Amino acid sequence: MRTTVGIIGGGPAGLLLARLLHRTGIDCVVLEARNREYVEHRQRAGMLEQGTVDALREAGAAERLNAEGLVHQGIELRFDRERHHIDFPALTGGRTVTIYAQTEIVKDLVALQLADGPPLLFEAEALAILEPESASPVVRFLHEGREQTLTCDWVIGCDGFHGISRDTFPAASSLSYAHDYPYSWLGILADVAPSCEELIYARGESGFALHSMRSPHLSRLYLQVPNHTDPDDWPDDRIWDELAARFAVDADWALNRGPITAKSVTSMRSHVHEPMRHGRLLLAGDAAHIVPPTGAKGLNLAVSDVRVLARAFAELHRTGSEQLLDAYSEICLARVWQATRFSYDMTKMLHAQPDGDVFENRLQLTRLRRIAASRHAAAELAANYTGLPLMT
């Protein structure tokens, strides 16, 4: 097989890039190691920055998003049994965020790709990327029981943290920056209407809690738990009781409870790989960077990478210039590091310290009170949460 752009990974980054390239007239092939059912049902993020919404609309993939997405005007911070609203439009000049599950984005993009887009091969496991420094790199992959090759002008690694793309970069010219956090998140999906109209970020005495949602009838909630927690050690009643305690405020508010349909534990880490390009191999999304979910940046960073890539390939297709492709890593890493810093700050501010450091706990409360009391501090949070502009 031969194509202009070979895309490894059929998650939202790879699928969105394929769709944008297709609309520009650039041929590509997407290789996804998993089957369609797995890809369309793995639970991931659900908070979309305005730039992500714009990109999906540009790709012609926003029909359901426009109809079903929940536009949020802000978030609520809770601590010391108090509640404080952060008004995004008032603090950012009108920007908002939208709740629409990543699973639904993937379903929308897969349907479009299979209907009229370039080839999307499920259960096509990439084995190796050969000669990425050459003008025609080759991807070896396993599909339908036999090994095949895909010859490309460019290869885009959208295959996540555990994929092969990042490992193809020479160690001598690569730098990795990592930080592991001393706690994890226990996440649940519950078949119950959300107890709030906007996301709640709560710092309780025993740890962090987040109230999110996937639809008007489906709630997504998280609890800070120790690393290596077994979800089976948390029966449903214990989860609801702990959530209620961490969200508690001195006001007329109650947590809706209902059947828990999914339960999992997610470890927390920050990781950035530099550079994001080697020869004609470029990384996008989790293949290049991981952030803790506190700042809701993972999916949005992947989409911002893809938006830069799509513009760069459009420029190459239209003018023959590789100038934007040459600047890809620098452009994306500037935004990646800002999002990494924001996610780190949000995580450190809201999570209880496992070692019981009372000094750090007091600093956390001081930071939260500063945001609640200062328009300038609240505006800084709102600007980062709703999404910094692309630096192109």
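Residues numbered from 1 in each chain as written. Predicted model: local features only at pLDDT ≥ 70, side-chain atom pairs only at ≥ 80, totals over all residues. Heavy atoms only, no water.

Chemist: Provide a residue-level description of the overall build of the protein, including the pertinent values.
Modeler: Tallying secondary structure elements over the protein gives 13 helices and 20 strands in all. Taking 21 Å as the expected radius of gyration for a compact globule of 392 residues, we find that the protein reaches 21 Å, a close match to that expectation. For the C-alpha atoms alone, the extent of the protein along its principal axes is close to 65 × 40 × 40 Å. In the protein, which comprises 392 residues, the share counted as buried stands at 56%. A sequence separation of at least 24 residues applies to 71% of the contacts in the protein between residues at least 6 apart. Put simply, the protein shows about 16600 Å² of open surface, and 49% of that area lies on carbon and sulfur atoms. A gap of 3 Å separates the mean positions of the 39 positive and 51 negative side-chain charges of the protein. (Helix = DSSP H or I, 4+ residues; strand = E, 2+ residues; numbered from the N terminus. Rg over C-alpha atoms; globule rule 2.2 N^0.38 Å. Buried < 20%, exposed > 50% of the residue type's maximum accessible area, 1.4 Å probe, protein only. Contact = heavy atoms within 4.5 Å. Areas by Shrake-Rupley, 256 points an atom, 1.4 Å probe, with all protein chains shown as cover. Lys, Arg positive; Asp, Glu negative; His and termini not counted. Charge placed at Lys NZ, Arg CZ, Asp CG, Glu CD.)

Chemist: Go over the packing of helix 11 (residues 328–350) against helix 12 (residues 358–373), please, and point to the residues and values.
Modeler: Where helix 11 meets helix 12, the closest approach of the two axes is 8 Å, and the angle between their N-to-C directions is 115°. Across the interface between the two elements, Lys348, Met349 and Leu350 of helix 11 pack against Glu360, Gln364, Arg367, Leu368 and Ile371 of helix 12. Looking at the contact of helix 11 with helix 12, its residues break down into 4 nonpolar, 1 polar and 3 charged. (Axes fitted to C-alpha atoms, helices over the stretch in contact; angles between N-to-C directions. Nonpolar A, V, L, I, M, F, W, Y, C, P; charged D, E, K, R; others polar.)

Chemist: Quick one: what's the story with empty space enclosed by the protein, residue by residue and with numbers?
Modeler: Following the criterion strictly, the structure yields 2 cavities of 30 Å³ or more and no others. Considered as a void within the structure, the largest cavity measures approximately 60 Å³ in volume. If you go around the largest cavity, the residues you meet are Glu49, Lys297, Leu301, Arg335, Gln338, Ala339, Phe342, Asn384, Gly387 and Leu388. Top contributing element to the lining of the largest cavity by residue count: helix 11, with 4 residues. Among the residues making up the lining of the largest cavity, the classes are represented as 4 nonpolar, 3 polar and 3 charged. (1 Å grid on protein atoms, 1.4 Å probe; cavity = no way out; pocket = protein on both sides within 12 Å on 5 of 7 lines; lining within 4 Å. Points joined across faces, edges and corners; volume = space filled by probe spheres on them.)

Chemist: For the UniProt feature "domain: FAD-binding" (unreviewed entry) in the protein, give the residues involved together with the corresponding values.
Modeler: In this numbering, the UniProt entry assigns the feature "domain: FAD-binding" (unreviewed entry) to residues 2–343. Across residues 2–343 one finds 33% helix and 33% strand; the C-alpha atoms that close the span lie 40 Å apart. (UniProt positions renumbered as here; feature names shortened; annotations may be inferred.)

Chemist: If you had to explain the nonpolar core to someone new, which residues and values would you point to?
Modeler: Soluble globular proteins tend to pack their nonpolar side chains together in the buried interior. Grouped together as the largest cluster of nonpolar side chains are 71 residues, with contacts concentrated most on Ile7, Leu16, Ile156, Leu309 and Phe313. Residues Tyr201, Leu255, Leu365 and Ala379 belong to the second largest nonpolar core, which totals 53 residues. (Core = buried A, V, L, I, M, F, W, Y, C linked by side-chain atoms within 4.5 Å.)

Chemist: Run through the packing of aromatic side chains, naming residues and quoting values.
Modeler: Within the structure shown, the criterion is met by 10 aromatic pairs. Both rings, one in Trp154 and one in Phe313, keep their centres 5.8 Å apart while their planes meet at 75°; by these two values the pair is edge-to-face. Residue Trp154 is located in strand 12 (residues 154–157), and its partner Phe313 is located in helix 9 (residues 298–319); the two are separated by 159 residues in the primary sequence. Ring centres of Tyr181 and Tyr183 lie 6.3 Å apart, and the angle between their planes is 35°; on these two criteria the pair is classed as tilted. The residues Tyr181 and Tyr183 share a single accessibility class, namely buried. (Phe/Tyr/Trp six-rings, centres within 6.5 Å; stacked < 30°, edge-to-face > 60°.)

Chemist: I'd like a description of the environment of Arg335, backed by residues and values.
Modeler: Tracing the sequence through the fold places Arg335 in helix 11. Residues Arg335 and Leu301, spaced 34 residues apart in sequence, show a C-alpha to C-alpha distance of 8.0 Å.

Chemist: Can you break down helix 3 (residues 50–58) residue by residue, with the values?
Modeler: At 3.6 residues per turn, the α-helix brings residues three or four places apart onto the same side. Those residues of helix 3 that sit buried are Gly51, Thr52, Val53, Ala55 and Leu56. Taken from the residues just after helix 3, Gly60 is the one with a positive phi, measuring 70°.

Chemist: Go over the sheet that holds strand 5 (residues 74–79) with me, naming the residues and quoting the values.
Modeler: As summarised here, the arrangement of the 8 strands in space is 6-5-14-15-16-13-17-20, forming an open sheet in which the pairing is mixed. In the strand order of this sheet, the two ends are held by strand 6 (82–87) and strand 20 (289–290), each with one partner. Where strand 5 and strand 6 come together, 6 bridges link them in antiparallel fashion. Counterpart to Leu77 in the pairing with strand 6 is His84. Taken strand by strand, helix 11 contacts strand 13 (175–190), strand 14 (200–204), strand 15 (207–215), strand 17 (260–274) and strand 20, and its axis lies near 130° from that of strand 17. Relative to strand 6, helix 13 (residues 375–386) is tilted by about 60°, and along the sheet it contacts strand 5, strand 6 and strand 14. (Pairing = 2+ DSSP bridges.)

Chemist: Residue-level account of the sheet that holds strand 7 (residues 97–99), with values.
Modeler: Spatially, 3-7-4 is the arrangement adopted by the 3 strands of the open sheet, whose pairing is antiparallel. Two strands lie at the open edges of the sheet, namely strand 3 (47–48) and strand 4 (70–72), each paired on one side alone. Taken together, the 3 bridges between strand 4 and strand 7 define a ladder with antiparallel strand orientation. Its bridge partner lying in strand 7, Leu70 is registered against Ile99.

Chemist: Can you lay out the environment of Gly207 for me, pointing to particular residues and giving the numbers?
Modeler: On the secondary structure map, Gly207 appears in strand 15. In this structure Gly207 touches Ala202, Gln224, Arg246 and Ala352, once residues within four positions along its chain are discounted.

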